[in-house]
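# A look at the structure
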Amino acid sequence: MFADYLTDDFDADVFKIKHYLTSRGCLVLKGPEASTISITLAPTPVSRSKVNRLREIQPLLNRILDKISLDYDIVVENLEGPAQTDELCRNLLEIYKETRGDKNPITVGLHRHDFMLHQEDATSSKTKYKMVEFNLAAVSLAPFADGVNKYHKTVINKLDLPTKEDLQPATVQLAMGLKTGYDAYVSRYPSTRRPVVAMVYDDKSLTNYFDQQGLMNAVEDLGIPTLRLTIEEVTEKTMINGKNKLIYDNVTEIAIIYLRVLYDPSHYSSPKVWEARRRMELSDAVSVPNVRHQIVNTKIFQMLLAQRHILSRYTDKSNVDQLLEIFGDVLPLTLDKEGDENARKGLLHPDKFVLKPQREGGGNNLWGREMVEALEKMKGSPERTRFILMRVLSPPVLKNRFLRNGDEVTEILDTKSEIGLYSTYCVVDGSEVRNENAGILLRTKLSTDNEGGVAAGFSVIDSPYLV
């Protein structure tokens, strides 16, 4: 479809592309310098009907994830095993037990659920989307998805192809999700001073500054004051006042505390950081995500919801059948006969499985020989329960070219893509007040690459051309 644009003799106008991306805020920080993000030179054709099917199930998926997060017995029973050897799981579980998972009457979720086309049979052209993972914590890249979608529209116009369909502006929609929670908070807790939406970030890694700030700018555009706080500032300068409000620096009331950090053990440099995370949850401020959503963001709950008898607790049979169609094969590594048999599958067929820990971000998964070595080392150890085994997906391979780091145009490459659908979710006093789709992220990488994180350097930002 984009053959004329992707030929070997095509001379990309890197200068114009860089300046277009800069004008859209599609930048990453590398030390004191900013450079444009890595992108595909052309959008990737994607089936409109298949994407619409994914759009249809997003609200259902959000609802089910919220329900299982409130199922105290299921959460405790299934997290206690990994909590024995995983400090992050252990401390989150302690806070969950203290609050019984549902202390705050306002819940806000900014979600992105990721999928990949899977070709079950190499001899057939039939494909269907399978889930890669849930994302309920520190959902990122929406401003970049919007910017690259706009750039790819200029490519389509240049090639005189049918106009690229306008996608929902993900950044604005996510900002609207925060506004829904903010409005609920202000209505419930009237105050003489306007509270803020505070975003917590990692000041030791400012690579994603423009991505983060793009969303905060969209919140400000809606008339809501915002505040950027480091982990240290949240730890040292927040307190709960006599009215149970979360206060920063003795003055500023925080309505929404949006976490772009605190999803990895490395973010918790001292017990004080954990106390700050607990303080957020015990106050009236709305944590995004809250602890229960952060818990169900772990891979073990993806595994649980891929089981019919578990999924049936939270929805009816017709919905169960639909969701099981898109859930991939996710196998537990419990210390029992089933876990031992699943580990044996991984050892016998290392090319067909990937070992995933309860972690976020590209680069954490183990493949091939590394997976085999890890499984052998963890035989009979509680450490194994921290992982799940997932069947590797086989997506179709498409041609594209990348502009890497704002200056290097690659040759024509064999690529594969992963699609992420953003959504917003808000519940107030048990009633769902918002549950909507919020745009699309497409990430593309070399067909030979396993990992897919943009921040980790594996994938580049793409956009879908719906056909």
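Here's a quick rundown of the structure. (Residues numbered from 1 in each chain as written. Predicted model: local features only at pLDDT ≥ 70, side-chain atom pairs only at ≥ 80, totals over all residues. Heavy atoms only, no water.)

## Section: the overall build of the protein chain
To be explicit about the condition: Helix numbering and strand numbering both begin at the N terminus, where a helix is a DSSP run of H or I of at least 4 residues and a strand a DSSP run of E of at least 2. For the radius of gyration, the atom set is restricted to C-alpha positions; the globular benchmark scales as 2.2 Å times the number of residues to the power 0.38. Residue contacts are defined here by distance: any two heavy atoms, one from each residue, within 4.5 Å place the two residues in contact. Residue-level accessible areas treat just the shown protein chains as cover; the underlying method is Shrake-Rupley with a 1.4 Å probe. Within this scheme the basic residues Lys and Arg register as positive and the acidic residues Asp and Glu register as negative, but His and the chain ends are omitted. Every charge is mapped to an atom, namely NZ of Lys, CZ of Arg, CG of Asp or CD of Glu.
Assigned secondary structure in the protein chain consists of 15 helices and 23 strands. For 467 residues, the compact-globule formula gives about 23 Å, and the C-alpha radius of gyration of the protein chain, at 22 Å, lands near that figure. Here the analysis covers contacts within the protein chain between residues at least 6 apart in sequence; of these, 73% occur between residues at least 24 apart. Only carbon and sulfur atoms are counted for the fraction: they give 48% of the accessible area of the protein chain, which is about 19,800 Å². Between the mean site of the 60 positive side-chain charges and the mean site of the 65 negative ones, the protein chain shows a separation of 2 Å.

## Some words on the packing of aromatic side chains
Inclusion rule: Classification of ring pairs uses Phe, Tyr and Trp, with its six-membered ring standing for Trp, and accepts pairs whose centres are within 6.5 Å; under 30 degrees between planes counts as stacked, over 60 as edge-to-face, and the remaining range as tilted. Here the term buried applies to any residue with accessible area under 20% of the maximum for its type, exposed to any over 50%, and partly exposed to those in between, with areas from a 1.4 Å probe on protein chains only. Remark: a charge is flagged as sitting over a ring if the NZ atom of Lys or the CZ atom of Arg is within 6 Å of the ring centre and within 35 degrees of the ring normal.
Counted according to the given criterion, the structure contains 7 aromatic pairs. Taking 3.8 Å as the distance between ring centres and 10 degrees as the angle between the ring planes, the aromatic pair formed by Tyr268 and Trp274 counts as stacked. Across the pair, Trp274 and Tyr268 agree in class, each one buried. Positioned over the ring face of Tyr72 is Arg100, at 3.6 Å from the centre of the ring.

## Quick notes on the sheet that holds strand β15 (residues 366-367)
Applicable threshold: Any two strands are treated as partners once DSSP identifies two or more bridges connecting them.
As summarised here, the arrangement of the 4 strands in space is β13-β16-β14-β15, forming an open sheet in which the pairing is antiparallel. This sheet does not close on itself; its edge strands, each paired only once, are β13 (330-332) and β15. Across 2 bridges, the pairing between strand β14 (residues 353-357) and β15 is antiparallel. Counterpart to Leu355 in the pairing with β15 is Leu366.

## Here we look at the pattern of salt bridges
Counted only if it meets this: Salt bridge, as used here, is a side-chain nitrogen of Lys or Arg placed within 4 Å of a carboxyl oxygen of Asp or Glu.
Tallied over the full model, the rule gives 28 salt bridges. With its nearest N and O atoms 2.9 Å apart, the salt bridge here joins Arg308 to Asp321. In this pair, Arg308 is assigned in helix α12 (residues 308-311) and Asp321 in helix α13 (residues 317-326), connecting sequence segments 13 residues apart. Taking relative accessible area as the criterion, Arg308 reaches 41% and is therefore assigned partly exposed. Owing to a relative accessible area of 27%, Asp321 belongs among the partly exposed residues under this scheme. Here the residues in one salt-bridge network are Arg112, Asp114, Glu418 and Arg443, joined through shared partners.

## Some details on the nonpolar core
In plain terms, the rule: What makes a nonpolar core is a set of buried Ala, Val, Leu, Ile, Met, Phe, Trp, Tyr and Cys residues whose side-chain atoms join them at distances within 4.5 Å.
Ranked by size, the top nonpolar core spans 71 residues in total, and within it Phe301, Leu305, Leu323, Phe327 and Ile419 carry the most contacts. Broken down by element, this core gets its largest block of residues, 8 residues, from helix α2 (residues 48-69). Once residues lying within four places of it in the same chain are set aside, the contact partners of Phe301 are Ile68, Ile74, Val75, Leu79, Phe134, Ile295 and Val296. Among the nonpolar cores identified, the runner-up in size contains 54 residues, and Leu6, Ile39, Ala255 and Tyr465 belong to it.

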